[in-house]
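Residues per chain, in single letters:
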Amino acid sequence: MILLRYIQSLLLVVAFITLAHTSSYAQQKYNPISHAKWLIGSWKNQSAKTVDIETWKKLNDSTFIGRSYSLTGADTVSSEHIRLEQHIGKLYYIPTVKNQNGGKAVTFTLTSSNNKHLVFENPQHDFPQKITYTQITTDSLVAEISGTKKGRQKAIQFPMKRVK
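The structure reproduced in this document is the subject of the present report. Bear in mind that the values here come from a model prediction, so they are computed numbers and not experimental data.

With that settled, the discussion passes to the overall build of the chain. Helix and strand counts for the chain stand at 1 helix and 10 strands. Across the chain, helices and strands are ordered from the amino to the carboxyl terminus as α-β-β-β-β-β-β-β-β-β-β. The buried share of the chain, taken over its 164 residues, is 33%. In the chain, the proportion of contacts linking residues at least 24 apart, taken out of those at least 6 apart, comes to 29%. Accessible surface for the chain amounts to roughly 11,000 Å². Of this, 57% is attributable to carbon and sulfur atoms.

Two elements, strand S1 (residues 41-46) and strand S10 (residues 152-162), share 2 bridges in a ladder whose sense is antiparallel. What sits directly across from Trp-43, in S10, is Arg-162. As judged from the 10 bridges shared by strand S9 (residues 140-149) and S10, these two strands associate in the antiparallel manner. Across the sheet, the residue bridging to Glu-144 is Gln-157, located in S10.

Now for the pattern of salt bridges. On inspection of all chains with the given rule, the structure shows 3 salt bridges. Linking Arg-162 and Asp-139 is a salt bridge whose minimum nitrogen-to-oxygen distance equals 3.3 Å. Of the two residues, Arg-162 sits in strand S10 while Asp-139 sits in the loop between strand S8 (130-137) and S9, which places them 23 residues apart along the sequence. For Asp-139, a relative accessible area of 42% translates into the label partly exposed.

This part is about the sheet that holds strand S6 (residues 108-114). Read around the barrel, 10 strands follow the order S1-S2-S3-S4-S5-S6-S7-S8-S9-S10 and close on themselves; strand pairing throughout is antiparallel. For this sheet, the mean angle separating the axes of adjacent strands, direction not counted, is 25 degrees. Note: strand S5 (residues 90-97) against S6, 2 bridges, orientation antiparallel. Its bridge partner being in S6, Tyr-93 is matched across the sheet by Phe-108.

With an omega of 0 degrees, the peptide bond running from Phe-127 to Pro-128 counts as cis. Along the chain, Pro-128 falls in the loop between strand S7 (117-121) and S8. A positive phi angle is found at Ile-88, which is not glycine, with a value near 50 degrees. Positionally, Ile-88 belongs in the loop between strand S4 (75-87) and S5. For Ile-88, a relative accessible area of 87% translates into the label exposed.

We now examine the pairing of S1. With 6 bridges connecting them, S1 and strand S2 (residues 51-60) associate as antiparallel partners. What sits directly across from Ser-42, in S2, is Thr-55. Hairpin connection between S1 and S2: a loop of 4 residues separates the two successive antiparallel strands.

Rules and cut-offs
- Residues numbered from 1 in each chain as written.
- Predicted model: local features only at pLDDT ≥ 70, side-chain atom pairs only at ≥ 80, totals over all residues.
- Heavy atoms only, no water.
- Helix = DSSP H or I, 4+ residues; strand = E, 2+ residues; numbered from the N terminus.
- Buried < 20%, exposed > 50% of the residue type's maximum accessible area, 1.4 Å probe, protein only.
- Contact = heavy atoms within 4.5 Å.
- Areas by Shrake-Rupley, 256 points an atom, 1.4 Å probe, with all protein chains shown as cover.
- Pairing = 2+ DSSP bridges.
- Salt bridge = Lys/Arg side-chain N within 4 Å of Asp/Glu carboxyl O.
- Axes fitted to C-alpha atoms, helices over the stretch in contact; angles between N-to-C directions.

Structure follows, in structure tokens:
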């Protein structure tokens, strides 16, 4: 009788450890926002016409908030607020662009990622349908918007350097 209780207790401990390990593994496996942590900070692209600045901060374990704007001289020519939100193992890129879409956010879903590459897509959006971030080094990245515009494929790249 004592031996039977000992075996039952041992089996319970083994089952608990297995469950805890599986749960921990599942959380790591289904945590796509962790692939985006290299975005945190401030980034800048200077071209002949504009200066593009993008800043990312971690709000919590499932949300990053970003702001992107373009300057021509002292004038802000475009501005957007961005949220990276993780819900039930899926990651969403949600920009709200000033003076576009009636001020409403558009949702892009993560379709591909690794620790240096993020691809978000929304095939129903007018342009872009795809937003890609690729880390080149710890202090440089390339953001790209692409898709079909007026029946033609178009891609615009924004090579950026880390500011902070």
